Amino acid sequence: MDTKSREEKINAAFVSMTDALMSEYDIVDLLSTLLNACIDVLDMDAGGILLVDATGELELVASTSEEAEIVETIIVAAGEGPCIECYDKAEHVSVPDIERVAEKWPKFYASAKQQGFLSTYAVPMRLRDEVMGVMNILSAQPVEISEGDGKIAQALADLAVLGVLHERNFRTPVAVTEQLHLALDTRILIEQAKGVLAQREHLTMTEAFDALRHYARVNGLTLRHVAEATVHRTLATEDLISDRSAAAPVPRSIS
């Protein structure tokens, strides 16, 4: 990658994040934007963001792929592996070659290896001294993330945390916790909507998620709103997938 194209990618990443913050958004969509930006800038292949739920466990909220096998690898990483270590230590965890952690994290190693991932990098999402979640990115190649790239990933993660604080002007620790719970609830709605859309329109889970997100952006709606309308059948699935290159039609109720 030449210097110019790299600079363009970095600029585009921060522009996409700030654009998201300047308009109405929900956390899941914002975190999806963050993930795609990091994957693009760092030239990685997949990733996920996990937030801490009410019980103190890490739960997947956003992923670059909605396919079960890849998502499973990221979830396994929350049970053991770079995500847990990143969360516990509140610092980044770099694994340039997963062969080195085969004995340390056998479940993560087996799952990542099965999906063709050879390296991973975890970044803490922090609010002052508190870790709210973890961003985990993976590559199909052995990759050593440089200090500079690590700072870029951390800066984007910090920007996303500011977005969590900014939404609905939440400022207190209790309100921040409520906002994280809202993100987890939104993810559940999105999973349900993906299932409805995938079944009715014969799409993969990734295609279904992309259609939901595209419709929300084109029509100036939040991803949560579109997912909820899809689940409650107040938005027809054929409207969601019609002419994705242009504004989608006005939603119609369906029985």
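Structure's up top.
Below you will find a few notes about this structure.

**Observations regarding the overall build of the chain**
Okay, step 1: The helix and strand tally for the chain stands at ten helices and five strands.
Okay, step 2: The contacts in the chain between residues at least 6 apart in sequence include a share of 62% that link residues at least 24 apart.
Okay, step 3: Carbon and sulfur atoms make up 51% of the accessible area of the chain, which amounts to about 12,100 Å² in all.

**Observations concerning the packing of helix α2 (residues 27–42) against helix α8 (residues 205–218)**
Okay, step 1: Closest axis-to-axis distance for the α2/α8 pair is 12 Å, and the angle between their directions is 115°. Between α2 and α8, the interaxial angle falls into the category roughly perpendicular. Considering the relative orientation of α2 and α8, their crossing is left-handed. Across the interface between the two elements, Asp29, Ser32, Thr33 and Asn36 from α2 touch Phe209, Arg213 and Arg217 from α8.

**Some details on the environment of Thr186**
Okay, step 1: Relative to the elements of secondary structure, Thr186 occurs in helix α7 (residues 173–201).
Okay, step 2: The spatial distance from the C-alpha of Thr186 to the C-alpha of Val28 is 7.1 Å, given a sequence separation of 158 residues.
Okay, step 3: In this structure, Thr186 is in contact with Val28 and Arg224, ignoring residues within four places of it in sequence.

The rules behind these values
Residues numbered from 1 in each chain as written. Predicted model: local features only at pLDDT ≥ 70, side-chain atom pairs only at ≥ 80, totals over all residues. Heavy atoms only, no water. Helix = DSSP H or I, 4+ residues; strand = E, 2+ residues; numbered from the N terminus. Contact = heavy atoms within 4.5 Å. Areas by Shrake-Rupley, 256 points an atom, 1.4 Å probe, with all protein chains shown as cover. Axes fitted to C-alpha atoms, helices over the stretch in contact; angles between N-to-C directions. Parallel < 35°, antiparallel > 145°, perpendicular 65-115°, else oblique. Left-handed = near helix turned anticlockwise from the far one by under 90°.

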